[in-house]
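# Overview (structure and organization)
What follows is each chain in one-letter form.
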Amino acid sequence: MSLAQYRADINARRIIGGPSDKLMCISPLKHTWAREMWRVMAMNTWFPAEVDMARDVKAYKTLNPKEKRAYDMALAFLSNLDGIQFNNLVFNIGEHITSPEVSMCISRQAYEEANHVDSYATLIEAVTDEPLEIYTLFKRDAVLGEKNEFIIKQSEILGKEFSPRNFALAVIANIILEGVYFYSGFLVFYCLSRDGKMHSSADMIRFIQRDELTHMQLFMHILRAMQQENPEVFDDTFWADVRALFRAAVGLESAWGKHLVQGGAFGLTDAIIEQYIQWLADSRLAMIGLAPEFGVKNPVPWVEDFSRINGEQANFFEGRVKSYAVGGSLDWE
């Protein structure tokens, strides 16, 4: 194969359905943003052992029954969710991506999801003598069991019936997973830390949230690239289905958040939980260029600053790319 032909093959790369020689040549690039995403993810490397859990071992014993229940249940779902996402990336999403530079990012995300699984294990094993009580809560709590089942079914759609349209919907589902489904649980940890309890747990969650925001940004890039490469997918019916996915996610996550606080805890009410999740959904819809679905304000604005790592966490809530280029073609002579 001549260099000219190889350059043509690189220019022909696509997120899905493109040429793939399995050699992982990523320089030069077609999807130029992927290299930057890889570097950002690498710079964000951290390990659960960096968080000293000693103070939380003591603090956990001082939690009142309502606080302890919310902490345990939030941890139960979050530890389940990253396991679901790891398997989704490895066995569903990653299988169909044909751009090597994007595959690298997905593999890095899968590593980070595994790191999150280890992080939640670190939290669980620090505070309880019987980790399985938390890991297997979904078997005893119907609300959590139904939520897990719904998310797993969403991830399985792609494996059962692959198409560019279904892949694009899977990308949307990943944006929702990274940008909506974690946040009732995150809120519990931040409320406890704000009230002077479980500070180390909140520190661990800050690291995890920074990763999740980066993952959401990665899937935003993938979505925009697909809009250029598979424009036929993105018709009015597709966007109607997107809104339906968001509405279902808001209903599910709001119900879970209300289940966590049981009508009121940490200064949170059912109304605050629902409005917060609706606001998150509207923020994500804005990122993909859609009008808001709910039109609400953030009822807990303090969380935005509280969740930052050393005040430096990128604020993706306000980020929206107005013009987007998937990468320049290679034209060398």
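Here we come to the overall build of the protein chain. When you go through the protein chain residue by residue, the secondary structure sums to 13 helices and zero strands. Beginning at the N terminus, the succession of helices and strands in the protein chain can be written as α-α-α-α-α-α-α-α-α-α-α-α-α. Considering only residue pairs separated by 6 or more positions, the protein chain has 80% of its internal contacts joining residues 24 or more positions apart. For the protein chain, the accessible surface area stands at approximately 14300 Å², while carbon and sulfur atoms represent 54% of it.

Here we come to helix α9 (residues 183-194). Helix length check: α9 (12 residues) gives 16 Å between terminal C-alpha atoms against 16 Å at 1.5 Å per residue, within 8%. With 11 of its 12 residues buried, α9 lies for the most part within the structure. Looking only at α9, the buried set comprises Tyr-183, Ser-184, Gly-185, Phe-186, Leu-187, Val-188, Phe-189, Tyr-190, Cys-191, Leu-192 and Ser-193. Positive backbone phi, approximately 90°, marks Gly-196, located one or two places after α9.

This part covers the packing of aromatic side chains. Scanning all chains against the criterion turns up 13 aromatic pairs. Look at Trp-46 and Phe-207: their rings are 5.0 Å apart centre to centre, the planes differ by 15°, and that puts the pair in the stacked class. Here Trp-46 is found in the loop between α2 (32-43) and α3 (54-60), whereas its partner Phe-207 is found in helix α10 (residues 199-229), with 161 residues between them in sequence. In this structure, Trp-46 and Phe-207 share a single accessibility class: buried. Ring geometry for Tyr-71 versus Phe-189: centroids 5.2 Å apart, planes at 70°, classification edge-to-face. On the criterion of sequence distance, the pair formed by Tyr-71 in helix α4 (residues 65-96) and Phe-189 in helix α9 is long-range, its members being 118 residues apart. As far as the burial class goes, Tyr-71 and Phe-189 line up, both buried. Members of the aromatic cluster, joined through ring pairs, are Tyr-60, Tyr-71 and Phe-189. Its end group placed over the ring of Phe-77, Lys-147 keeps NZ or CZ at 3.6 Å from the ring centre.

This part covers the nonpolar core. Tyr-71, Phe-167, Ile-222 and Ile-288 are the most contacted members of the largest nonpolar core, which has 100 residues in total. Here this core takes 14 residues from α10, the largest share from any one element. Setting aside its immediate chain neighbours within four residues, Phe-167 contacts Ile-15, Ile-16, Ile-93, His-96, Ile-97, Leu-158, Phe-162, Ile-222 and Met-226.

Turning our attention to the pattern of salt bridges. For the structure on display, the rule yields 14 salt bridges. Of the charged contacts, one joins Glu-274 and Lys-258 as a salt bridge, the two residues approaching to 3.3 Å between their closest N and O atoms. Of this pair, Glu-274 sits in helix α12 (residues 270-287) while Lys-258 sits in helix α11 (residues 236-261), placing them 16 residues apart in sequence. The partner of Arg-308 in a salt bridge is Asp-305, with the nearest N and O atoms 3.3 Å apart. Each member of the salt-bridge network shares a partner with another, and the members are Arg-55, Asp-203 and Arg-206.

Thresholds applied
- Residues numbered from 1 in each chain as written.
- Predicted model: local features only at pLDDT ≥ 70, side-chain atom pairs only at ≥ 80, totals over all residues.
- Heavy atoms only, no water.
- Helix = DSSP H or I, 4+ residues; strand = E, 2+ residues; numbered from the N terminus.
- Contact = heavy atoms within 4.5 Å.
- Areas by Shrake-Rupley, 256 points an atom, 1.4 Å probe, with all protein chains shown as cover.
- Expected span 1.5 Å × (residues − 1).
- Buried < 20%, exposed > 50% of the residue type's maximum accessible area, 1.4 Å probe, protein only.
- Phe/Tyr/Trp six-rings, centres within 6.5 Å; stacked < 30°, edge-to-face > 60°.
- Lys NZ or Arg CZ within 6 Å of the ring centre and 35° of its normal.
- Core = buried A, V, L, I, M, F, W, Y, C linked by side-chain atoms within 4.5 Å.
- Salt bridge = Lys/Arg side-chain N within 4 Å of Asp/Glu carboxyl O.

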